[in-house]
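Report on the structure
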Amino acid sequence: MRAMKAQAGISGRVDWTFVFAVIGLVATGTMAMLSAASTTMMYSAILQKHFVALALGLVLFALTLAFNYQVFQDQSKALYAIALVMMSAVLVIGTAARGHRAWIRLPGFSFQPAELSRVLVVLVLADFLDRRALRVQDFSTVLLALGIAAPIMLLILKQPDFSTALTFLPTITGMLFCAGADVFHLLFVFGYGALTLSVPLVYTLCAVRFPNALPGSLPALVLATAKMGWATLGVLLALAVLSALVWRLATWMRLQVKPLAFVVLPLIASAALLTGVAINRQMKSYQRNRFVAFVAPGSDVQGAAYNVIQSKVAIGSGGVWGKGLFSGTQSQLGFLPERHTDFIFANVGEEMGFVGASLILGLYMLVLWRIVVAARAARDRYGYLVCAGLASMFAFVMILNIGMCVGLMPVAGIPLPLISYGGSSLVINLWSLGIVANIYARRYALL
Amino acid sequence: MNRAAGGPRERLEVLWWVVAAAGAALGLRLAQLQILDSAEYRAMAERNASQMIYQAAPRGRIYDRAGIPLATNQPSFSLIFLPGKGKARQDLEPLARELGRQLGRDPQELLETLEEAEREQSAARLAENLPTATMFQLSELKTLYPGVDLITEARRYYPFGRFASHLIGFMGKMNPREWRERKTKGYRADSRIGKMGLESAFEEELRGRDGGIQMEVDAQGRLKRMLGQIPWEAGSNIHLTIDAAVQKAADEGLRKSVTGRGAAVAIDPRTGEILAMSSQPDFDPNALLSTDPEEVKRTSHDLPEFNNAIAGAYPPGSTFKPIVGLAALSEGRIRANDAFFCPGYFKLGDHVFHCWDHKGHGRVSWLMGLAQSCDVYFYNVGLKTGGALIERYARAFGLGQRTNIALRGEKGGHLFGPETRRKSGKGWYDGDTLNLAIGQGELTVTPLQLAVAAAALANRGTVWRPHYTQKIAYVDGRPDFVQKPERLGQVYATDAAWDLVQKGMEVVISSGTGYPAKIPGLVVSGKTGTAQNPHGQDHAWFIAYAARPGETPSIAIAVLVENGGHGGVTAAPVAKKMILAHFGMPDPEALREAREAERAAQRAARAASVPTRLGLPGAVR
């Protein structure tokens, strides 16, 4: 009875613009999915799963509105435990598909815990950052935040799902940034991330461009360093010696620089280098090919670059009005890969044209805008941080996915939330947006 | 609202603007791909998703001067198989058996092709160029076996078969070098091109644009559906100056000559239009496009590619004498009634030069000398005229020089005289003059050159560039190309000399060596020739021109029968047939043959009808 009353009380405060933008996205996505999946073998099974997930997601969206979101803050430890257990469980009892051990199969359906754990990490970190509000400027906050996310990320990397693990970093960075962390600290993190990523990128570039590099030349050094051997150790030692020298120089010049910088910077650089080298060694051949396609497009038209080319052709050939649903030659005849999952945006671009593609982009921007508005209006710091985290997450994934489809970003196997086919992803994303709606609806009073 | 509880909210605004900028960048990129570069990507998508089953377009037709088609096109049927969804081996087997029976091919082999097409899901061409009879039987299969279809293509067809083969040429597949040259010009690897004659020379004009059936294919190359049909465009038609009747007479005449080898060229002396150009042995261009691969192989293996009419260079022999006479008469070196005594031989120093008639002709003057082709008379004329003058006249007539007719492989022959000798640093002797005077020695000409010279003798000096095109009717809207007569040169001689030479050539036919070419009701003039051949029997030459009485000559002819012996006997009858055909007069010889053939056919029919009548009841029973 109280719940009913509460619901009635908040209905006037719900952000209907946000709700309709979300429904609009889901509806457009459903249409695109219906068309894109129509040529697959399991069309009816896909339809069934999609509509079940859609119903479940909408129910969760509404349910989440019904009770105070702060329950998530109260149960933060439990949520973190759920995430850890699920991610460990998936490695043990999960089923593998397409090289990832990422699905937990239950009677009737299977789901992907990585999607859930990403949202759980946002909730847990929001709680953590809320509680450390007074020490947010400390570097330890940044390190601890990373430390909280690290076990989950490592477990996802173990699946291995490099792309999903990658989406954690901008989400965490966005939350730390909005929480008010020291920008320099974030730059360290960013620098770490960028350096880590650049190792395989530079390695691939050298391997593609200078396959016969002479020993002693820079490309040869890069190639040797990336192999985790004496050259790597040498580079680390050189880094240490260099930072010591710079420290002495700074002291001699009486520069006002914190001594910590000369320890932290080389440490971060070394750690990034080691992580990068480790990732480089762990990389699967299809992942390597994506790097190759990014650093040298056109080098292998039938391989990784093929996907991007076909996606661009699909989007470009759609023109202003598109070819109509079910009539895109690129998608319906199978030229477009992953057309109902990762590359669904290209299918939209082809069949619904510039109008449909910009409708999706516009609705996305509207949803993001409303999340930002919810963050601004949030009654407490926890709500503000949750919204900031979800905004960062959705924005990053959307930009990465659409950017990949239009050929501005390297290929990453990340679906477009709310549009791509994927039951767990749809349910979890709708639930997380339900939390945003909840935060907005309770901006005046925690009913 | 508790603002103090919130974080530094301006940070959120920064985040939002970064996201908004990225969103704007994506929007701009979308506009670039879908609005600015859309056409380019659309073309790429279409190329991706379609496959053509080509249909060869009809080539331009070739007509003779009266509009009789010499080269046309016939529908040719190709059997294609478009695989459907999930057809098993047992579905294909009856089809393979049926096709094997009707096409006369190994069913096992066909089954493999069908299965391959089914597996790859791509169209297969089961048979090309099917005969019409088979086509009708196969069209039934279309209804029984879905996926089997007949497509129509155009195939070159030559209604007359063996007819002006070397002039018209033939069609054939490209060799690797030809393919490399044409790769970028809209040809396909299996396109046929003109390989000889005007099929080759006018390839650009004659070829059409191939059409095709455009099929939608998916990423695996499997056929999805028919998108549409692109109609072909036929090539431009070419109207020739050839007169089919004269050409036929030339072809048949040479074929029936003693050796069946030689060349004949007929030219209209008023314009230089080629009325006929024949080279024997010839070939049937249809056989090279036959439905039977064996026949094609056999025909192309021993294809007589050599066009004697333009590429064969022979000494002109006595047919050169009118030119020698014209030089002598026009330059005043002899007078018409100057007589020389012919004892059957001519002594120059220690050398003895024989007359062709060893008995001798006695006293001969111009008309007699030319009519009897007396060598001794021309030895004397030659010595009086001198090699240099004869060479000059021969050059004026275009002998020993290419006419640059639009055909590949034309030879120039060799003009031989003091001037040519001087250029090569050798001397000229009286013995050479004697050889030149009777058209022997190093002098070689092509039958085409001699026909041009005969035309110049007929029209009193105009040397035309020989041409065989009358008009090209372009299909692409360009105005028609109309061939205009083109002068190669002019022979200048006095009217008296022309009169005497033409009178002499008339006497050659009426009462001389050329009498086999005599035709009542026409004024035929000519000259026989026998070219000495060190390798065997002499070549027989005959040049002639003819007119109705009181008209200007409208046909000039040069006929060569290789190893034919005496020109008057073997070459002149060919020319006679050509002249008769030109003036639309019945050929008495052909009439007699036709009557005999008809009688033989009647006899055969009577003989054959007997067993038929006997056989009928048996068939009924």
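Because the structure is predicted, anything quoted here is derived from the model rather than measured. (Residues numbered from 1 in each chain as written. Chains lettered and ligands numbered in written order. Predicted model: local features only at pLDDT ≥ 70, side-chain atom pairs only at ≥ 80, totals over all residues. Heavy atoms only, no water.)

**Quick word on the overall build of chain A**
Tallying secondary structure elements over chain A gives 18 helices and 3 strands in all. The contacts in chain A between residues at least 6 apart in sequence include a share of 73% that link residues at least 24 apart. As displayed, chain A offers around 19,300 Å² of accessible surface, 71% of which is attributable to carbon and sulfur atoms. (Helix = DSSP H or I, 4+ residues; strand = E, 2+ residues; numbered from the N terminus. Contact = heavy atoms within 4.5 Å. Areas by Shrake-Rupley, 256 points an atom, 1.4 Å probe, with all protein chains shown as cover.)

**Observations concerning the sheet that holds strand 1 (residues 95-97) of chain A**
All names here are of chain A. Spatially, 3 strands are ordered 1-2-3 in an open sheet, and the strand pairing comes out antiparallel. Either end of the sheet is taken by a strand with one partner, and the two such strands are strand 1 and strand 3 (109-111). In this sheet, neighbouring strand axes are inclined to one another by 45° on average, regardless of whether the strands run parallel or antiparallel. One ladder, built from 3 bridges, connects strand 2 (residues 100-106) with strand 3; its direction is antiparallel. (Pairing = 2+ DSSP bridges. Axes fitted to C-alpha atoms, helices over the stretch in contact; angles between N-to-C directions.)

**Section: the sheet that holds strand 21 (residues 523-531) of chain B**
All names here are of chain B. Taken in spatial order, the 5 strands of this open sheet run 12-11-23-22-21, and their pairing is antiparallel. Because the sheet does not close on itself, it has two edges, and the strands there are strand 12 (274-280) and strand 21. Adjacent strand axes in the sheet meet at a mean angle of 10°, parallel and antiparallel pairs treated alike. Against the sheet, helix 19 (residues 447-458) touches strand 11 (262-267), strand 12, strand 22 (539-547) and strand 23 (555-561), its axis set at about 35° to strand 22.

**Some details on the pairing of strand 5 (residues 148-157) of chain B**
Residue and element names in this part refer to chain B. Counting buried positions over the 10 residues of strand 5 gives 7, a clear majority of the element. Pairing of strand 3 (residues 69-81) with strand 5, which is carried by 10 bridges, proceeds in the antiparallel orientation. Within the sheet, the bridge partner assigned to Leu79 lies in strand 5 and is Leu150. (Buried < 20%, exposed > 50% of the residue type's maximum accessible area, 1.4 Å probe, protein only.)

**Here we look at the interface of chain A and chain B**
Between chain A and chain B, the residue contacts involve 52 residues of the former and 37 residues of the latter. Summing both partners gives a buried area of about 3,800 Å² for chain A against chain B, and 70% of it is carried by carbon and sulfur. Per-residue buried area on chain A facing chain B is highest for Leu333(A), Phe354(A) and Arg376(A); these three make up 16% of the total on that side. At the boundary of chain A and chain B, one finds 1 salt bridge. When the shortest N-O distance is used, the salt bridge between Arg376(A) and Glu13(B) registers 2.7 Å. Here chain A and chain B share 9 residue pairs in polar contact (both at pLDDT 80 or more) between them. Elements supplying a minimum of two residues to the side of chain A that touches chain B: helix 8 (162-179), helix 14 (304-318), helix 15 (329-332), helix 16 (344-377) and helix 17 (381-405) of chain A. If you tally residues by element for the side of chain A that touches chain B, the top one is helix 16 of chain A, at 14 residues. Residues belonging to the side of chain A that touches chain B are distributed by class as follows: 31 nonpolar, 15 polar and 6 charged. (Buried area = accessible area lost by both parts, 1.4 Å probe. Salt bridge = Lys/Arg side-chain N within 4 Å of Asp/Glu carboxyl O. Polar contact = N/O pair within 3.5 Å; in protein donor to acceptor, adjacent residues only side chain to side chain. Nonpolar A, V, L, I, M, F, W, Y, C, P; charged D, E, K, R; others polar.)

**Re the packing of helix 10 (residues 244-255) of chain B against helix 22 (residues 572-582) of chain B**
Residue and element names in this part refer to chain B. The geometry of helix 10 relative to helix 22 is characterised by a closest axis approach of 8 Å and an angle of 160° between their N-to-C directions. By the angle class used here, helix 10 and helix 22 are roughly antiparallel. For the element pair helix 10 and helix 22, the recorded crossing hand is right-handed. Residues Ala245, Val246, Ala249, Ala250, Gly253 and Leu254 of helix 10 form the contact with helix 22, whose participating residues are Val574, Lys577, Met578, Ala581 and His582. Residue classes in the contact of helix 10 with helix 22 are distributed as 8 nonpolar, 2 polar and 1 charged. (Parallel < 35°, antiparallel > 145°, perpendicular 65-115°, else oblique. Left-handed = near helix turned anticlockwise from the far one by under 90°.)

**A word on a positive patch on the surface**
All names here are of chain B. Taken together, the side chains of Arg592, Arg595, Arg599, Arg603 and Arg606 define a basic patch exposed on the protein surface. You can see Arg592 is positioned in helix 23 (residues 588-620). In this structure Arg592 comes out as partly exposed when scored by relative accessible area, which is 47%. (Patch = residues over 30% accessible without salt bridge, like charges linked within 9 Å, V, L, I, M, F, W, Y side chains within 5 Å. Lys, Arg positive; Asp, Glu negative; His and termini not counted. Charge placed at Lys NZ, Arg CZ, Asp CG, Glu CD.)

**As for the packing of helix 17 of chain A against helix 18 (residues 423-441) of chain A**
Residues and elements named next belong to chain A. For the pair helix 17 and helix 18, interaxial distance at closest approach is 10 Å and the crossing angle is 140°. Relative to helix 18, the element helix 17 is oriented oblique. Once helix 17 is placed against helix 18, the crossing between them reads as left-handed. The residues of helix 18 that touch helix 17, namely those facing Gly383, Val386, Cys387, Leu390, Met393 and Phe394, are Asn429, Ser432, Leu433, Ile435, Val436 and Ile439. A class-by-class count of the residues in the contact of helix 17 with helix 18 yields 9 nonpolar, 3 polar and no charged.

**As for a nonpolar patch on the surface**
Among the surface-exposed residues, Leu249(A), Trp252(A), Met253(A), Leu255(A) and Val257(A) lie close enough to one another that they form a single nonpolar patch of about 560 Å² accessible area. Mapped onto the fold, Met253(A) is located in the loop between helix 11 (230-252) and helix 12 (260-282).

**Some points on the state of the cysteines**
Scanning the entire structure with this criterion turns up 0 disulfides over all chains. In this structure Cys374(B) is not part of a disulfide, and its nearest cysteine sulfur, from Cys342(B), lies 3.6 Å away. (Disulfide = S-S within 2.5 Å.)

**As for the confidence of the model for chain A**
In the predicted model, chain A carries a mean pLDDT of 85, and 93% of its residues have values of at least 70. This model gives residues 1-6 of chain A a pLDDT under 50, and the stretch forms 1 contact once residues within four places in sequence are excluded. (pLDDT = per-residue confidence, 0-100.)

**Side note on the pattern of salt bridges**
All names here are of chain B. Overall, the coordinates contain 35 salt bridges over all chains when judged by the stated rule. Salt-bridge contacts for Asp282 lead to Arg162; the nearest nitrogen and oxygen are separated by 2.9 Å. A residue pair is termed long-range when its members are at least 10 positions apart, and Asp282 in the loop between strand 12 and helix 11 (293-301) and Arg162 in the loop between strand 5 and helix 6 (165-168) qualify at 120 residues. Since its relative accessible area comes to 6%, Asp282 is described here as buried. Note on Arg162: relative accessible area 42%, which makes it partly exposed. Put simply, Asp282 and Arg255 hold a salt bridge, and the shortest N to O gap is 3.1 Å. On the criterion of sequence distance, the pair formed by Asp282 in the loop between strand 12 and helix 11 and Arg255 in helix 10 is long-range, its members being 27 residues apart. Within the structure, one salt-bridge network assembled from shared partners comprises Arg59, Arg156, Glu199 and Glu203.

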